[in-house]
Amino acid sequence: MSFKLLKKIHTTGSGAAPGEDVYIFDICPCTDHSVMVSSSDHHLTHFDRELNAVSRFVAHSDSITAVEAPISSNNSLVVTSSADKSIRGWDVRCGSGNAVFQQHCTQEVLSLSCLKGVSSNLLAAACGNDIHFYDFRMSGSATDNSDGSSKLVSKMRDMHTEEVTALSFCPGGTMLLSGGEDGLVNVIDISIAGSEECVISVLNNDCPVRRLGSFGAHGEGVYVTTSVETLNCWHAQSAQRLGQYSDLREQFPSCDYIVDCWAESGADAGSDQDASLSLLCGSYEGDGKVFCVYPDRLAPLAPLQPPQPSPTAAATGMGEAPASSPGGHSAMLRCCSSGCFTSAHTGKRLLLTGGEDSLLCLWELGAGRTAGSSAGAARASRLAFQPY
């Protein structure tokens, strides 16, 4: 069994210089089922639900560090952060490089996350060792030091001893996860006043944090990837480690690095009651492999396979790549998202990946599941969501 490549899209457009290497940094599912993609040339590219390019524009003057579509009353909004010391909001309906709001910060913003909730308009931003909170309903431009019109709501100072590198609000509540270069992840309840009292637990991962997120039926699990390509899973409130996967490259020689994790629920997870965690790893040549994450092991699910050769003509500029090109990706994978699209035939979510080859690839899992997805394995995944 493998992931079948459904579509492959060039994202650089006709304006890219010949031979220019443009990396895909991040894939953001929007609330209208479209997709916003950030790239190393400081551009945002908006794709509709059929993966047709709608617009492409310069969003920042330096690297885009995060893209997120908040769940709010304005379902056309996308928020970005950048190394150019700014946070900007974009209306995906406009299709232009005119930000609907802009927040200037005093230092590089390495990550951001929006509070999950229809009535919420709060975002958290990683600024040095601190976490800044902004209300993105307010319009116009402002700086941290301006008065009257500033969007800055509050600051949590020195939440880490080194730079904050990753932020993620847990779904359906006020819990915020913050990870840093110090290897720590703080589980923060923002409804509690005080920078010390609000820290529910601290998770020590021993290495700088690169990506993190929540999983489980109620978001009680936390996954953390690190700079040395290790994965740790935790129970958020008790700070109990549920799984530690530090020998991934030794155990699976074809895997050189971790791309990201995602939680699957319902039919995707093979259980009506629980959510399971999946992991995508990649090779320097652009190959990918998906794993099911269990408390005691990583179970290989399927590789990302190349398409069957076909006489499709090569595409130029921004558009669909020829299906006859070797492999899904020809360079390192940078990001993935499993929440963008669903299969019209099976109803299951599809996997979208982005790489250093300027490509987006859309994948569908082939028929059947591996041994790691049996009823017994589903029981094992349930154990991963509870402290033991």
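Refer to the structure printed above.
So, here's what we can say about the structure. Just so we're clear, the structure is a prediction, and the values are computed from it rather than from any experiment. (Residues numbered from 1 in each chain as written. Predicted model: local features only at pLDDT ≥ 70, side-chain atom pairs only at ≥ 80, totals over all residues. Heavy atoms only, no water.)

Examining the packing of aromatic side chains
And then number 1: Per the stated rule, a full pass over the model turns up four aromatic pairs.
And then number 2: When the centroid spacing of 5.1 Å and the interplanar angle of 45 degrees are considered together, the rings of Phe 57 and Trp 90 count as tilted. On the criterion of sequence distance, the pair formed by Phe 57 in strand 5 (residues 53-58) and Trp 90 in strand 8 (residues 86-91) is long-range, its members being 33 residues apart. Taken individually, Phe 57 and Trp 90 each receive the classification buried, so the pair is uniform in this respect.
And then number 3: Note on Tyr 257 and Tyr 284: the rings are 5.8 Å apart at their centroids and 35 degrees apart in plane angle, and the pair reads as tilted. Of this pair, Tyr 257 sits in strand 23 (residues 257-265) while Tyr 284 sits in the loop between strand 24 (275-282) and strand 25 (288-294); the two residues are 27 residues apart in sequence, bridging distant segments of the chain.
And then number 4: Residue Tyr 284 is classed as partly exposed on the basis of its relative accessible area, which comes to 48%. (Phe/Tyr/Trp six-rings, centres within 6.5 Å; stacked < 30°, edge-to-face > 60°. Helix = DSSP H or I, 4+ residues; strand = E, 2+ residues; numbered from the N terminus. Buried < 20%, exposed > 50% of the residue type's maximum accessible area, 1.4 Å probe, protein only.)

Notes on the nonpolar core
And then number 1: Phe 3, Leu 280, Val 290, Leu 304, Leu 351 and Trp 363 are the most contacted members of the largest nonpolar core, which totals 18 residues.
And then number 2: Contributions of two or more residues to this core are made by strand 1 (3-10), strand 23, strand 25, strand 26 (297-303), strand 28 (333-337) and strand 30 (359-365).
And then number 3: Each residue touching Leu 304, except ones within four places of it in the same chain, is listed here: Phe 3, Leu 280, Gly 288, Val 290, Leu 333, Leu 351, Thr 353 and Trp 363.
And then number 4: Counting 17 residues, the second-largest nonpolar core is a separate cluster that includes Tyr 223, Leu 248, Ile 258 and Val 293. (Core = buried A, V, L, I, M, F, W, Y, C linked by side-chain atoms within 4.5 Å. Contact = heavy atoms within 4.5 Å.)

Re the pattern of salt bridges
And then number 1: Considering all chains together, one arrives at seven salt bridges under this definition.
And then number 2: Between Asp 130 and Arg 157 there is a salt bridge, with its nearest N and O atoms 3.9 Å apart. With Asp 130 in strand 12 (residues 130-135) and Arg 157 in the loop between strand 14 (152-156) and strand 15 (164-169), this residue pair connects regions lying 27 residues apart in the sequence.
And then number 3: By relative accessible area, Asp 130 is classed as buried at 11%. (Salt bridge = Lys/Arg side-chain N within 4 Å of Asp/Glu carboxyl O.)

Description of the environment of Leu 123
And then number 1: Looking at the element boundaries, Leu 123 is found in strand 11 (residues 122-127).
And then number 2: Sequence-wise, Leu 123 and Ser 113 are 10 residues apart; in three dimensions their C-alpha atoms are separated by 5.6 Å.
And then number 3: Every residue in contact with Leu 123, bar those within four places of it in the chain, is listed here: Val 79, Ile 87, Ser 113, Cys 114, His 132, Phe 133, Tyr 134 and Phe 136.

As for the sheet that holds strand 14
And then number 1: Ordered by their spatial adjacency, four strands build an open sheet running 10-11-12-14, and the pairing between neighbours is antiparallel. Two strands in the sheet have a free side with no partner beyond their single neighbour: strand 10 (109-114) and strand 14. For this sheet the average axis-to-axis angle between neighbouring strands, irrespective of direction, equals 20 degrees.
And then number 2: Here four bridges tie strand 12 to strand 14, and the two strands are oriented antiparallel to one another. The partner of His 132 across the bridge, within strand 14, is Lys 155. (Pairing = 2+ DSSP bridges. Axes fitted to C-alpha atoms, helices over the stretch in contact; angles between N-to-C directions.)

A word on the pairing of strand 7 (residues 77-82)
And then number 1: Here strand 7 lies mainly inside the structure; six of its six residues are buried.
And then number 2: Residues Leu 77, Val 79 and Ser 81 line one face of strand 7 and the alternating positions Val 78, Thr 80 and Ser 82 line the opposite face, and both faces are buried.
And then number 3: Here strand 6 (residues 64-68) pairs with strand 7 via four bridges, running antiparallel. Residue pairing for strand 7: Ile 64 is matched across the bridge by Ser 82.

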